[in-house]
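Observations on chain architecture
For reference, the chains in residue letters:
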Amino acid sequence: MNKTNGAGIRIDSLRFSYHGHMALDDLNLKVEPGERLGIIGPTGAGKSTLLLHLNGILQGAQGSVTIGNTIVSRDTLATVRKKVGLVFQNPDDQLFNPTVEEDIAFGPLNFGINKEETAKRVKQAMQSLNLQGFEKESSHHLSYGERKRVALATVLALEPEVVAFDEPFANLDPGMVAQVVDIITNMNATVIVVSQSILPAFACCDRIAVLVAGKIVKTGTPKEIAKEKELLTTHGLDYQMYCDICKKL
Ligand SMILES: Nc1ncnc2c1ncn2[C@@H]1O[C@H](COP(=O)(O)OP(=O)(O)O)[C@@H](O)[C@H]1O
Ligand SMILES: [Mg+2]
């Protein structure tokens, strides 16, 4: 676990439906400050829906989400969005300014951080993600992996207490996956990683929650969850194939 002031998260009896279709069903979850929690689950389990509740983009019809001491509601959105940074699955949903440095500066400036401090944060975020040299580039001209890193930099520059990633390993080459595992492992915040990539999630998370049909059905250390063969296989999350391939080689 990180030594951090990252905020704890508490989700109580959360329910959310899309036009009558239940996506989160009486979901309960507690995350310690500084913990890195992986949430794994099959497609359609409700992973992205859950993330969108962490900073109030979606709000449940029932139940509550609490970040630190703040209950997420319409009245607390400004506070909550300073505390929680979401890194979307598709970087193009996060990048809309003419240049990379403007994209990264946008959030801090929007939150009232002065120009000097913002410039410092932009530089730091770019350095930590190996993005130096891309300052004046348009993100349209960058590769997918580079855009993923810029999207993460836009969140890091906000210095949030909670960083929540939606499928951070999707569509990356293996070298980039290793790099993202490394970045997540060294983050100084409470981290939520929602992913179908079981092994990278095991590699960078302290604890894993298994989400199926809108409910958390199991939580445990990566070692404990790895032993839940039947549960993983039933929900299409088994990774034995990769172990067999490695043994064969
Ligand atoms: N905008 C939407 N409108 C209607 N149904 C949706 C919408 N987004 C997601 N869903 C449905 O809600 C459920 C959970 O979706 P999602 O949170 O995207 O799952 P995951 O990220 O685990 O794949 C799925 O059944 C999905 O089809
Ligand atoms: Mg999703």
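See the structure above.
Read on for an overview of the structure. Please read all numbers here as calculations on a predicted model, not as lab measurements.

Conventions we followed
Residues numbered from 1 in each chain as written. Chains lettered and ligands numbered in written order. Predicted model: local features only at pLDDT ≥ 70, side-chain atom pairs only at ≥ 80, totals over all residues. Pairing = 2+ DSSP bridges. Helix = DSSP H or I, 4+ residues; strand = E, 2+ residues; numbered from the N terminus. Contact = placed C-beta atoms within 7 Å. Axes fitted to C-alpha atoms, helices over the stretch in contact; angles between N-to-C directions. Buried ≥ 20, exposed ≤ 12 C-beta atoms within 10 Å, placed from the backbone.

Spatial strand order, 2-1-4-5: four strands in an open sheet with antiparallel pairing. Strand pairing shows two members of the sheet lacking a second neighbour, strand 2 (21-31) and strand 5 (70-71), which therefore form its edges. With two bridges connecting them, strand 4 (residues 62-67) and strand 5 associate as antiparallel partners. For I67, the partnering residue across the bridge sits in strand 5 and is T70. Along the sheet, helix 1 (residues 47-54) contacts strand 1 (9-18), strand 2 and strand 4; its crossing angle with strand 2, the most-contacted strand, is approximately 60°.

A few words now on the environment of V87. As for its placement among the helices and strands, V87 is situated in strand 6 (residues 84-87). According to the C-beta neighbour criterion, V87 is buried, with 24 such atoms within 10 Å. In sequence terms V87 and R149 are 62 residues apart; their C-alpha atoms lie 9.9 Å from each other. Setting aside chain neighbours within four positions, we find V87 in contact with A151, L152, V155, V163, A164, F165, D166 and P168.

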